[in-house]
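Listed below are the residues making up each chain.
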Amino acid sequence: MDAAPAHLAGIGVDTVELSRFAAVLDGTPRFLERVFAPGERGLSCRSLAARFAAREAAIKAIGGLDGLTLLDLEVVREPSGAPRFARGERLDAVLASRGIGALHLSLSHDGNQAIAFVVAEWAKS
């Protein structure tokens, strides 16, 4: 088996079934406040599901939360429309402590599924 590229620190992928996610949103009133940043809370169920998948994929890519909360993994959009994680003080500190310099994010949803893929890249030395 080939070794991972030298710049690759980790990868993570997660899928969310939209109908199950909608049931969680409807049945757990405080879920939005516990998981999503204020700027995300007004989004559609599909967009929220993709952002939840992004959080789960990021946790896998970086190797765990270690002091982070799901709120620290807010997903925002670049002016181009590309998604990215908002870099806050706690997220930056955890990434730096692990030697991670960048997180790359891709989101998609189709039918009843939302998916996120995250690549963590080592910091340049």
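It should be noted that the structure appears before, not after, this text.
Residues numbered from 1 in each chain as written. Predicted model: local features only at pLDDT ≥ 70, side-chain atom pairs only at ≥ 80, totals over all residues. Heavy atoms only, no water.

## Some points on the overall build of the chain
The helix and strand tally for the chain stands at 4 helices and 5 strands. N-terminal to C-terminal, the α/β element order of the chain is β-α-α-α-β-β-α-β-β. Here the C-alpha radius of gyration of the chain, 15 Å, is about what a compact globule of 125 residues would show, namely 14 Å. With respect to the three principal axes, the spread of C-alpha positions in the chain is 45 × 35 × 30 Å. Classification of the 125 residues of the chain by burial places 39% in the buried group. Long-range pairs, those at least 24 residues apart, make up 55% of the contacts in the chain with a sequence separation of at least 6. Counting only carbon and sulfur atoms, one obtains 55% of the accessible surface of the chain, whose full area is about 7000 Å². Placing the 14 positive and 15 negative side-chain charges of the chain at their respective mean positions leaves the two points 3 Å apart. (Helix = DSSP H or I, 4+ residues; strand = E, 2+ residues; numbered from the N terminus. Rg over C-alpha atoms; globule rule 2.2 N^0.38 Å. Buried < 20%, exposed > 50% of the residue type's maximum accessible area, 1.4 Å probe, protein only. Contact = heavy atoms within 4.5 Å. Areas by Shrake-Rupley, 256 points an atom, 1.4 Å probe, with all protein chains shown as cover. Lys, Arg positive; Asp, Glu negative; His and termini not counted. Charge placed at Lys NZ, Arg CZ, Asp CG, Glu CD.)

## Quick notes on the packing of helix 1 (residues 18-27) against helix 3 (residues 45-62)
Viewed as axis vectors pointing N to C, helix 1 and helix 3 meet at an angle of 100°, and their least axial separation amounts to 10 Å. By the angle between their directions, the pair helix 1 and helix 3 is classed as roughly perpendicular. Note on element contacts: helix 3 touches helix 1 through Cys 45, Arg 46, Leu 48, Ala 49 and Phe 52, opposite Leu 18, Phe 21, Ala 22 and Leu 25. Residue composition of the contact of helix 1 with helix 3, grouped by class: 8 nonpolar, no polar and 1 charged. (Axes fitted to C-alpha atoms, helices over the stretch in contact; angles between N-to-C directions. Parallel < 35°, antiparallel > 145°, perpendicular 65-115°, else oblique. Nonpolar A, V, L, I, M, F, W, Y, C, P; charged D, E, K, R; others polar.)

## Quick look at the packing of aromatic side chains
If you walk through the whole model with that rule in mind, you get 5 aromatic pairs. Ring centres of Phe 31 and Phe 52 lie 5.9 Å apart, and the angle between their planes is 50°; this geometry places the pair in the tilted category. Of this pair, Phe 31 sits in helix 2 (residues 31-35) while Phe 52 sits in helix 3, and the two are 21 residues apart along the sequence. Joined through ring pairs, the aromatic side chains of Phe 21, Phe 31, Phe 36 and Phe 52 make up one cluster. (Phe/Tyr/Trp six-rings, centres within 6.5 Å; stacked < 30°, edge-to-face > 60°.)

## Some points on the environment of Cys 45
Secondary-structure assignment places Cys 45 in helix 3. Residues Cys 45 and Ser 19, 26 residues apart in the sequence, show an inter-C-alpha distance of 9.2 Å. With residues near it in sequence (within four places) discarded, Cys 45 still touches Leu 18, Phe 21, Ala 22 and Leu 25.

## Some details on a nonpolar patch on the surface
On the surface, a nonpolar cluster with roughly 330 Å² of combined accessible area is contributed by Ile 11, Val 13, Ile 115 and Phe 117. Secondary structure elements with two or more residues in the nonpolar patch: strand 1 (8-17) and strand 5 (113-122). By the secondary structure assignment, Ile 115 is in strand 5. With a relative accessible area of 36%, Ile 115 lands in the partly exposed category. (Patch = residues over 30% accessible without salt bridge, like charges linked within 9 Å, V, L, I, M, F, W, Y side chains within 5 Å. Salt bridge = Lys/Arg side-chain N within 4 Å of Asp/Glu carboxyl O.)

## Quick look at the side chain of Asp 72
You can see Asp 72 is positioned in the loop between helix 3 and strand 2 (75-77). From its side chain, Asp 72 meets the backbone nitrogen of Thr 69 in a polar contact 2.8 Å long. Excluding residues within four positions of it along the chain, Asp 72 makes contact with Gly 67, Ala 86, Arg 90 and Leu 91. (Polar contact = N/O pair within 3.5 Å; in protein donor to acceptor, adjacent residues only side chain to side chain.)

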